[in-house]
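If you want the building blocks of each chain, they are given just below.
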Amino acid sequence: MTDVLAVADHRRGELRDVSYESITAGRQLADETGGDLHIAVISGTVDDFAAKLNRDGVDTIHTVSHGEEFNHDVYSQAITQLYDELAPQYVLTPNSVNGLDYAPAIANELDLPVVTDTVDLDNDGETLVATREMYGGKVETTTELEGDAVITIRGAEWPAAEGTGDATIEAFDADIDEDAIGSTVNGFEEVGGGDVDISEADLLVSVGRGIEEEENLDLIRDLADALGATLSSSRPIVDNGWLPKNRQVGQSGKVVTPDVYIAIGISGAVQHVAGMKGSDTIVAINTDPNAPIMDIADYAIVDDLFDVVPELIDEFDG
Amino acid sequence: MKILVTVKEVATVEDEFEIEGTEIAEQYLGADLNEWDDYAIEEAVQLQEDGIADEVVTVTIGPEDCEQTVRQALAKGADRAVRVWDDALEDVDLLDVNAKTEILSAVVEAEDPDLVLSGVQAGDDSFGATGVSVAENLGFQWGAVVNHLEHDFEDGLASVRRELEGGVEELTDIELPAVLTIQTGINEPRYASLRGIRQAQQKPLDVQTLADIGVDESDIETELELTDMYEPESESDATFWEGSPDETASELGDLLRDKGVAQ
Ligand SMILES: Cc1cc2nc3c(=O)[nH]c(=O)nc-3n(C[C@H](O)[C@H](O)[C@H](O)COP(=O)(O)OP(=O)(O)OC[C@H]3O[C@@H](n4cnc5c(N)ncnc54)[C@H](O)[C@@H]3O)c2cc1C
């Protein structure tokens, strides 16, 4: 009743970083509840994955051999069966696209509360305090709950677990009911290819929803031209069809690490930041001094882009 | 085929705001149709225009104030709307995923659609969990973060693409009935036409209480308690350039030359 069961995330033969981060988060919680940390790794080359997940702090790794890739029905069945067997207090999953495809389902099935996208977790022995953001990162909140729960954790909030552990690795013989599997994964496709590779650029001029209208994009194009920079954007610009997918920076776009990244009218939502936080120097131009982008900016201009950008073009064209 | 779309009115917040207890003070809040739901509505309406869907119904949990947002969905082409509200919901601080699941499930059961479209998440509390939770609760199939849906539904399957991280899409077939959580960019949401807006006023908007849909107050009691809300401590160690636009632009110009990335 005090254990933690964390579920690993993998895709196309690779464990994803958040799997190691959930070991850190899970260990911390298990220390606070006084329980053990169990890791579940489901589908794919589970023995190889288990060896890699055997890092400091892991007590037991349960491998479930079934199919190659993620399938939410297989995950749900395996995790609920593991839950019945281990009776952990918390089930911890990544707040990844796949995590969100099964965590709410197992919570419903097990009749547990679910708290998603947590950035901090704290348990005083009785109450869990989960920190999460609201309103696109404008505020943080704490949510408290007692008893068992399903929790998803945001990527890159906890450091990856390191070292070599001495976990017990056990094959868990899950009873997967094939008839209950209602979806079939037929393959994967890489999107966002094409003429430019924004991840190659030294200088990115990146534009967000602050640009308001498609016509206004010309202003940013002119800036990119004047600076000899490559044009990129946040997601809404691509969603609107104003720029092609290969220009999108972020979780579901490209990860970029230019020398300088100029974010113009971009708020700095977590999914955007995931794609550009590794830039050497980050400059933000934004009317909102409290926009989350300011947290990771090295330099900032709190002003209207429609006033600043023409001046900047003049600097280089004039 | 009948489609149900979950529609939420989300709170929007001004740049400058104040927090009172565990809420943002009312005067700094606005209201809008949830961005993700806008795409879900559009997908449903397109399915109707393609002759696949014969009825599109929206369902909303919210007080009378949010009818403006519901009418927006009707103006874009949904046929009718259900809005669930109850005195018992008035004082609830945080309507958690399980409570929303109970309410929406009851409406889905009564409406009996073939397909439920919800947004990936709501822009305000961003749980991103309700659609999948409802599916599991009802024994529907589901797919989270769908950014493409084939409109032919061959063999009773929804062929979708799920948008994974890093520019990778998963091609998946899902049996119906199903709940799909719709990602932005799947289509181009239309603006409501004047005619649509006029027509929306005449479309049925059915208001139901918890008792009407057969949900007991005790079913929506949440185990989660919102205990604090605060502005995150700024981790910013940014240099803020001050001055007129030409001054700040010139500072940035110097930086770019210094770094050797622009001349
Ligand atoms: C599963 C999932 C995946 C996602 N993947 C990505 C991704 O890969 N990439 C991505 O970017 N997003 C992604 N998102 C979306 C993300 O959550 C945000 O919605 C998005 O990043 C917001 O883009 P934005 O900053 O351009 O717009 P907004 O958040 O609307 O910000 C606009 C900013 O412009 C500023 N502004 C307005 N007017 C002006 C002006 N005149 N001058 C200066 N500043 C101005 C505002 O102060 C504001 O900060 C994803 C979301 C989900 C749920």
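Basis of the calculations
Residues numbered from 1 in each chain as written. Chains lettered and ligands numbered in written order. Predicted model: local features only at pLDDT ≥ 70, side-chain atom pairs only at ≥ 80, totals over all residues. Heavy atoms only, no water. UniProt positions renumbered as here; feature names shortened; annotations may be inferred. Helix = DSSP H or I, 4+ residues; strand = E, 2+ residues; numbered from the N terminus. Pairing = 2+ DSSP bridges. Axes fitted to C-alpha atoms, helices over the stretch in contact; angles between N-to-C directions. Contact = heavy atoms within 4.5 Å. Buried < 20%, exposed > 50% of the residue type's maximum accessible area, 1.4 Å probe, protein only. Lys, Arg positive; Asp, Glu negative; His and termini not counted. Salt bridge = Lys/Arg side-chain N within 4 Å of Asp/Glu carboxyl O. Right-handed = clockwise from strand over helix to strand, strands pointing away. Domains from an automatic or database assignment. Buried area = accessible area lost by both parts, 1.4 Å probe. Polar contact = N/O pair within 3.5 Å; in protein donor to acceptor, adjacent residues only side chain to side chain. Nonpolar A, V, L, I, M, F, W, Y, C, P; charged D, E, K, R; others polar. Near = heavy atom within 4 Å. Areas by Shrake-Rupley, 256 points an atom, 1.4 Å probe, with all protein chains shown as cover.

Going by the annotation in an unreviewed UniProt entry, the name recorded for chain B is Electron transfer flavoprotein alpha/beta-subunit, with Natrinema altunense given as the source organism.

Chain A carries the name Electron transfer flavoprotein subunit alpha in an unreviewed UniProt entry, which gives Natrinema altunense as its organism. Under the UniProt heading Sequence similarities (unreviewed entry), the entry covering chain A gives this text: "Belongs to the ETF alpha-subunit/FixB family."

A. Quick peek at the UniProt feature "domain: Electron transfer flavoprotein alpha/beta-subunit N-terminal" (unreviewed entry) in chain B. The feature "domain: Electron transfer flavoprotein alpha/beta-subunit N-terminal" (unreviewed entry), as given by UniProt, occupies residues 21-217 of chain B in the numbering adopted here. Within residues 21-217 of chain B, the helical portion is 33% and the strand portion 29%, while the C-alpha atoms at the span's ends are 25 Å from each other.

B. Expanded view of the sheet that holds strand 12 (residues 183-190) of chain A. Here ten strands make up an open sheet; going across it, the order is 12(A)-11(B)-10(B)-9(B)-12(B)-8(B)-1(B)-6(B)-7(B)-13(B) and the pairing mixed. The open sheet has two edge strands, strand 12 of chain A together with strand 13 (205-208) of chain B, and neither has a second partner. On average, each strand axis in the sheet is tilted by 30 degrees relative to the strand beside it, whichever way the strands run. Both strand 1 (residues 2-6) of chain B and strand 8 (residues 115-119) of chain B contribute to a ladder of three bridges, which runs parallel. Counted as the bridge partner of Val5 of chain B is Leu117 of chain B from strand 8 of chain B. In the packing of helix 3 (residues 72-86) of chain A onto the sheet, the strands contacted are strand 12 of chain A together with strand 9 (141-149) of chain B, and the crossing angle to strand 9 of chain B comes to about 150 degrees.

C. Region of the structure containing the side chain of Arg71 of chain B. All names here are of chain B. Of note, Arg71 is situated in helix 2 (residues 67-75). The side chain of Arg71 is buried and forms no salt bridge, while Glu67, the nearest opposite charge, is found at 4.7 Å. Leaving out residues up to four positions away in the same chain, Arg71 has contacts with Ala200, Gln201, Lys203 and Leu205.

D. Region of interest: the pairing of strand 5 (residues 60-64) of chain A. All names here are of chain A. Among the five residues that make up strand 5, five are buried, leaving the element largely enclosed by the rest of the structure. Burial along strand 5 is two-sided: the residues Thr60, His62 and Val64 and Ile61 and Thr63 are all buried. Examined bridge by bridge, strand 4 (residues 37-42) and strand 5 share five bridges and lie parallel to one another. Residue pairing for strand 5: Ile42 is matched across the bridge by Val64. Where the polypeptide runs from strand 4 across helix 2 (residues 46-53) and back to strand 5, its parallel neighbour, the crossover connection is right-handed. When strand 5 meets strand 11 (residues 168-171), the two strands line up parallel, connected through four bridges. The residue bridging Ile61 from the neighbouring strand is Ile169, located in strand 11.

E. Summary view of the domain arrangement of chain A. All names here are of chain A. Looking at the assigned domains, one finds that chain A contains domain 1 (4-180) and domain 2 (198-317). On the domain 2 side, the residues contacting the six residues of domain 1 number five residues. Across the interface of domain 1 and domain 2, roughly 320 Å² is buried in total on both sides, 61% from carbon and sulfur atoms. Our count for the contact surface shared by domain 1 and domain 2 stands at zero salt bridges.

F. Structural view of the interface of chain B and chain A. Facing 83 residues of chain B, the contacting portion of chain A comprises 82 residues. Together chain B and chain A conceal approximately 7200 Å² of surface at their shared face, both sides included; 53% is due to carbon and sulfur atoms. With its nearest N and O atoms 3.7 Å apart, the salt bridge here joins Lys245 of chain A to Glu163 of chain B. Inspection of the chain B/chain A interface yields 41 residue pairs in polar contact (both at pLDDT 80 or more). Counted by class, the side of chain B that touches chain A contains 33 nonpolar, 25 polar and 25 charged residues.

G. Local environment of the environment of Glu212 of chain A. Residue and element names in this part refer to chain A. Tracing the backbone through its elements, the reader meets Glu212 in the loop between strand 13 (203-207) and helix 5 (217-227). Between the alpha carbons of Glu212 and Gly265 there is a distance of 9.1 Å; along the sequence they are 53 residues apart. Setting aside chain neighbours within four positions, we find Glu212 in contact with Trp242 and Phe306.

H. The arrangement of the pattern of salt bridges in detail. Going through the model one piece at a time under the given rule, you end up with 30 salt bridges over all chains. With a closest N to O distance of 3.6 Å, Arg162 of chain B and Asp101 of chain A form a salt bridge. Placement of the pair is Arg162 of chain B in strand 10 (residues 157-163) and Asp101 of chain A in helix 4 (residues 99-110), with the two residues belonging to separate chains. The class of Asp101 of chain A is buried, set by a relative accessible area of 1%. A salt bridge links Glu315 of chain A to Arg257 of chain B; the shortest N-O distance between them is 3.1 Å. Residue Glu315 of chain A is located in helix 8 (residues 305-317), and its partner Arg257 of chain B is located in helix 8 (residues 245-258); the two belong to separate chains. By relative accessible area, Glu315 of chain A is classed as partly exposed at 28%. Owing to a relative accessible area of 35%, Arg257 of chain B belongs among the partly exposed residues under this scheme. Bridged by salt links that share partners, the residues Asp9, Arg11 and Arg16 of chain A together with Glu165 of chain B form one connected network.

I. Just the UniProt feature "domain: Electron transfer flavoprotein alpha/beta-subunit N-terminal" (unreviewed entry) in chain A, in detail. In this numbering, the UniProt entry assigns the feature "domain: Electron transfer flavoprotein alpha/beta-subunit N-terminal" (unreviewed entry) to residues 4-185 of chain A. For residues 4-185 of chain A, the helix share is 29%, the strand share is 34%, and the end-to-end C-alpha distance is 29 Å.

J. The arrangement of the pairing of strand 14 (residues 230-233) of chain A in detail. All names here are of chain A. Across four bridges, the pairing between strand 13 and strand 14 is parallel. The residue of strand 14 that forms the bridge with Ser206 is Ser232. Of the crossover connections in this fold, the one passing from strand 13 over helix 5 to the parallel strand 14 is right-handed.

K. The arrangement of the site of the ligand in detail. Neighbouring the ligand are 28 residues, the closest being Ser234, Ser252, Ser267, Gln271 and Asn286 of chain A. Nearby residues place the ligand at the junction of chains A and B. One of the backbone nitrogen or oxygen atoms of Arg235 of chain A is found 2.9 Å away from an oxygen atom of the ligand. At a separation of 3.0 Å, a nitrogen atom of the ligand approaches a polar side-chain atom of Asp304 of chain A. Compared with its free state, where it exposes 990 Å², the ligand has 86% of that area covered by protein.

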